[in-house]
Amino acid sequence: MVRRFSAAIALGALVVPGALAVEPAYANESVAGRVDLAVGLSDHINLAGTGLVPAVVRSTPAFDATAVDAGSVLLGASGVSGASPAKWADGAVMATKRDADGDGRIDLVLHFDKADLTSAGGLGPDSTELNLSGRLSDGREITGSDQVDTEIAFEIKFAESLAIRGANAGLHSARGQSLGRVESVLDRHGQVRDLVPMVQSVSSAELTELVGEAEARTGGEVPDMSSWYRLTMPSGVDAEAVTAELAALPEVAHVYPVPEPVPPPSTTPDFTGRQGYLRPAPTGIDADFSRRDPRLRGAGITVADLEYDWNPFHEDLQLDWSSDLGGDAFPRYTGFADEHGTAVFGIMAGRDNEYGVTGGVPDAQFYGISPNERLPSGRTSWNPGPALVYLAANGSLRPGDVVLLEQQTSSPLGGTRYAPLEWIPAVFDAIKLLTGLGVTVVSTGGNGNTNSDDPMYTRNGIRWFDPAVQHSGSIMVGAGSSTDHERLSFSNYGTRFDLQGWGQNITTTGSNGNLQGGTNPANLNVRYTQSFGGTSGAGPIVTNAVVAIQSYLKATGQAPWTAQQIVEVLRATGTPQGANTAGQQIGPLPNLEAALKMIEVDAPVSTIALSHHANSDVDPVANPLVTLRADDGWGVGVARIEYRIDGGPWTEYQAPFRVKGPGQRTIEYRATDTKGNVEKANTLTFNNPQVPVYQ
């Protein structure tokens, strides 16, 4: 129990393990009607594209923001009715209680759909202030306002043949080609605020070196991330016209509005017996089987989770902030709280102890990185592509390591019809860079109920998710039923999807605390859920299978496999998708026992026994009866045992036999399994006395 207590107080608050704190009462007696409000990421709102805009209602010594009735809140410009907060797929208001400003008080974080703010909220190019109104739970009214700065921002990829370098007025082609047509379009539409490399945390020289390393490994082309830029223009610019005109230029490979953060892909915000997703097939992936072998528990493999936030101090994770690879370059975004990331970590990394949950690969090294980048201006921006490039460049990952993408993005349908993250071209390119470097990328497929084969998923004439046209190299994961493995209604699907994991009824750390701990912040380190789900839950379940395979390959001296090799084995051996939704492909559920037996390289282990005589005057090994046995561990089984005596021919063992004849005798023996793995021959040499066989 000592370790549980230490983990519980790591955040500086005394929490006795198993003892759940009581929610404090707040009267808000001194509320004067005005609240402290902060809107947007660093008070900036990009008017181009779709996505969510955060609004933080801050708590103060006199005001508890968690007492606000989130469903009553409206946000908008002066003189309009205002927009209501966005909602989850189940209709609940997208509201998070979190210390967003680091002052030790719990704030209320709401998210508003940008389309709603534009229509009902009056958000537009001339907006300089947004106003909030609402009620407390006791009916008292509140108001607040915040100054905002609007802009139009794009992600743009220049043709790699140009080798674009520099920024703003210093932008140029390293190959000496003219950028006159690009400059003409930008000049025609207004002043450029900023045109800078998208990847700020890694130098152009380092990117070139990474591309060279990846191309040397794969023998193919790898995207040049130095060609990606971020273009910012005044908010009055016609975003659609700029996009169309730039896209028509041969100098531009991609241009689109900068994507905005969307919720992590989850549908519902001693427990090991509840972890059905780790049980034997066909129920789960059978991590119970793989965890019995220390080579299959993730040792030697690093897992990096692209995650907004997580709680490393949970009693069943026992990590610290050294698990954050982003540091100052990619600070964690707390607007969606840490419940999601903590739940994802628990599925994979839960400590193998006598309480809580146990992760599928608890011996792996686990890290997280936020997609929230700190820009040179000091602002922050949701930049998942650069975050992945930062992972590729910072030296933490080696071939065989795994990156899990616990993010999704807006689809062409908008609203809550979310798309896989690699619908963003910059992310697609960054994934290709990682996979080219030998890193396995597992991508949650998103909770948008969209078909990745739909023509709407077309960019520049490219069917984006058609594996016959292009492939990022990632393993795409859908969400299946915990009972019959049918596609769950919210999960995206299509021919690009490889495998499924449970998308419901997942018991793990953190999340909504409905198994233990509740939502009281005092119980943060002892919080467990029994209802985590979505493709968020499916992703780490499949990652468990991927890591188990890669750790076995490493432990047996083999080179790490590509994602495609892993997919082929897991699809061939997995539990099939339910028949009712088989036409909406999310793939089978991995079956680790079957998959590992298919790739096993361990030879059987054989043993020898010589008979002993009851007569103590007779040498116990005189003309002994030899018995051979072999065991293949968790492998596919022993095919045969062979032996030879004194260097003679190999003979297949059928039954115990005697070695007759005096002198020094040598028996060699070996076993072979049904996969053809042959044991290195064992040798036993003994002196056989010249005496009769004792009867």
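Residues numbered from 1 in each chain as written. Predicted model: local features only at pLDDT ≥ 70, side-chain atom pairs only at ≥ 80, totals over all residues. Heavy atoms only, no water.

### Brief notes about the overall build of the protein
Summing up its helical and strand segments, the protein has 12 helices and 35 strands in all. Considering only C-alpha atoms, the protein reaches an extent of 110 × 65 × 45 Å along its principal axes. Total accessible area on the protein is roughly 26700 Å²; 49% of this is exposed by carbon and sulfur atoms. Each charge class in the protein was averaged separately, 49 positive and 78 negative side chains, and the resulting centres sit 6 Å apart. (Helix = DSSP H or I, 4+ residues; strand = E, 2+ residues; numbered from the N terminus. Areas by Shrake-Rupley, 256 points an atom, 1.4 Å probe, with all protein chains shown as cover. Lys, Arg positive; Asp, Glu negative; His and termini not counted. Charge placed at Lys NZ, Arg CZ, Asp CG, Glu CD.)

### Some details on the packing of aromatic side chains
Tallying each qualifying case throughout the model produces 21 aromatic pairs. Plain terms: the ring middles of Tyr643 and Phe657 are 4.0 Å apart, the flat faces sit at 10° to each other, and that makes the pair stacked. One end of the pair, Tyr643, is in strand 31 (residues 638-645); the other, Phe657, is in strand 33 (residues 657-658), and 14 residues separate them in sequence. Linked through ring pairs, Trp423, Phe428, Tyr457, Trp464 and Phe465 together constitute an aromatic cluster. Here the basic side chain of Arg332 rests over the ring of Trp321, its NZ or CZ set 3.5 Å away from the ring centre. Its end group placed over the ring of Trp423, Arg459 keeps NZ or CZ at 3.9 Å from the ring centre. (Phe/Tyr/Trp six-rings, centres within 6.5 Å; stacked < 30°, edge-to-face > 60°. Lys NZ or Arg CZ within 6 Å of the ring centre and 35° of its normal.)

### Observations concerning helix 4 (residues 204-218)
Since the α-helix packs 3.6 residues into each turn, any two residues three or four apart lie on the same face. In a regular helix each residue adds 1.5 Å, so 15 residues correspond to 21 Å; helix 4 covers 21 Å between its end C-alpha atoms and thus fits that length. Along helix 4, the residues classified as buried are Leu207, Leu210, Val211 and Ala214. Seen end-on, helix 4 carries its buried residues on one side only, within an arc spanning 100°. Exposed residues pointing more than 90 degrees away from the buried face of helix 4 are listed as Ala205, Glu209 and Ala216. Buried residues along helix 4 sit in contact with helix 8 (384-393) and helix 9 (425-436). Gly219 lies just past helix 4 and shows a positive phi near 75°. (Expected span 1.5 Å × (residues − 1). Buried < 20%, exposed > 50% of the residue type's maximum accessible area, 1.4 Å probe, protein only. Arc of directions from axis to C-beta. Contact = heavy atoms within 4.5 Å.)

### Side note on the sheet that holds strand 19 (residues 402-405)
Taken together, 6 strands build an open sheet; the order of strands is 16-15-19-22-25-26 and the sheet is parallel. Every other strand in the sheet has two partners, leaving strand 16 (365-369) and strand 26 (499-502) as the edge strands with one partner each. For this sheet, the mean angle separating the axes of adjacent strands, direction not counted, is 25°. Bridge count between strand 15 (residues 302-306) and strand 19: 4 bridges; the pairing is parallel. Looking across to strand 19, one finds that Ala304 is bridged to Val403. Of the strands in this sheet, strand 15, strand 16 and strand 19 are in contact with helix 8, which crosses strand 15 at around 165°. (Pairing = 2+ DSSP bridges. Axes fitted to C-alpha atoms, helices over the stretch in contact; angles between N-to-C directions.)

### A short note on the pairing of strand 8 (residues 141-147)
Consecutive side chains along a regular strand alternate between the two faces of the sheet. Going residue by residue along strand 8, you find Ile142, Gly144 and Asp146 tucked away on one face and Glu141, Thr143, Ser145 and Gln147 left uncovered on the opposite face. Taking the residues between adjacent antiparallel strands as the criterion, strand 7 (residues 129-135) and strand 8 are bridged by 5 residues, where Gly139 takes a positive phi near 100°.

### Remarks on the sheet that holds strand 4 (residues 74-76)
Read across the open sheet, the 3 strands follow the order 4-7-8; overall the sheet is antiparallel. Sheet topology places strand 4 and strand 8 at the edges, where each strand pairs with a single neighbour. Recorded for the sheet is a direction-independent mean angle of 15° between the axes of neighbouring strands. Pairing of strand 4 with strand 7 involves 3 bridges; the strand directions are antiparallel. Considered in strand 7, the bridge of Leu74 is made with Ser133.

### So, the packing of helix 10 (residues 534-555) against helix 12 (residues 592-599)
Describing two packed helices takes the angle between their axes plus the distance from one axis to the other. Axis separation between helix 10 and helix 12 bottoms out at 11 Å; the angle between their running directions is 25°. Classified by the angle their axes make, helix 10 and helix 12 are roughly parallel. The handedness of the crossing between helix 10 and helix 12 comes out as right-handed. In this structure, helix 10 uses Ala545, Ala548, Ile549 and Tyr552 to contact helix 12, whose residues at the interface are Leu592, Leu596 and Ile599. A per-class count over the contact of helix 10 with helix 12 returns 7 nonpolar, no polar and no charged. (Parallel < 35°, antiparallel > 145°, perpendicular 65-115°, else oblique. Left-handed = near helix turned anticlockwise from the far one by under 90°. Nonpolar A, V, L, I, M, F, W, Y, C, P; charged D, E, K, R; others polar.)

### Topic: the confidence of the model for the protein
Summary statistics for the protein give a mean pLDDT of 89 and a share of 93% for residues scoring 70 or more. Every residue in residues 1-32 is under pLDDT 50, and counting partners more than four places away or in other chains gives 54 contacts. (pLDDT = per-residue confidence, 0-100.)

### Topic: the pairing of strand 19
Neither face of strand 19 is exposed, since Val402 and Leu404 on one face and Val403 and Leu405 on the opposite face are all buried. Where strand 19 lies against strand 22 (residues 440-444), 4 bridges are found, and the strand directions are parallel. When the sheet's bridge partners are listed, Val402 is paired in strand 22 with Thr440.

### With respect to the packing of helix 8 against helix 9
As a packed pair, helix 8 and helix 9 sit with axes 8 Å apart at the nearest point and diverge in direction by 15°. If you check the angle between helix 8 and helix 9, you find them roughly parallel. The interaxial crossing formed by helix 8 with helix 9 has left-handed handedness. Along its contact with helix 8, which presents Pro384, Gly385, Leu388, Val389 and Ala392, the element helix 9 presents Ala426, Val427, Ala430, Ile431, Leu433 and Leu434. Among the residues forming the contact of helix 8 with helix 9, the class breakdown is 10 nonpolar, 1 polar and no charged.

### Digging into the pattern of salt bridges
Two side chains carrying opposite charge are able to pair once their charged atoms lie near each other. By the definition in use, this model includes 33 salt bridges. Asp429 is paired through a salt bridge with Lys157; the nearest N and O atoms lie 2.6 Å apart. Considered together, Asp429 and Lys157 belong to a single accessibility category, that of buried residues. When the shortest N-O distance is used, the salt bridge between Glu668 and Arg644 registers 2.8 Å. A residue pair is termed long-range when its members are at least 10 positions apart, and Glu668 in strand 34 (residues 663-673) and Arg644 in strand 31 qualify at 24 residues. Among the charged side chains, a network of salt bridges with common partners joins Arg98, Asp309, Asp324, Arg332 and Asp338. (Salt bridge = Lys/Arg side-chain N within 4 Å of Asp/Glu carboxyl O.)

### Structural notes on the nonpolar core
Counting 53 residues, the largest nonpolar core has Phe366, Ile475, Ile549 and Leu596 as its most contacted members. Listing elements by their share of this core, those giving two or more residues are helix 6 (287-290), helix 7 (339-349), strand 19, strand 25 (475-480), strand 26, helix 10, helix 11 (563-573) and helix 12. When residues in this core are grouped by element, the largest group, 10 residues, is from helix 10. Setting aside chain neighbours within four positions, we find Ile549 in contact with Trp561, Ile566, Leu570, Leu592, Leu596 and Ile599. Judged by nonpolar contacts, the second largest core, of 50 residues, contains Ala48, Ala65, Phe154 and Leu171. (Core = buried A, V, L, I, M, F, W, Y, C linked by side-chain atoms within 4.5 Å.)

### Some remarks on the side chain of Asp309
Along the chain, Asp309 turns up in the loop between strand 15 and helix 7. Given a relative accessible area of 2%, Asp309 falls into the buried group. There is a polar contact of 2.4 Å between the side chain of Asp309 and the side chain of Arg98. With residues up to four places along the chain from it excluded, the contact list for Asp309 reads Arg98, Trp321, Arg332, Tyr333, Thr334, Ala337, Asp338, Gly341 and Thr342. (Polar contact = N/O pair within 3.5 Å; in protein donor to acceptor, adjacent residues only side chain to side chain.)

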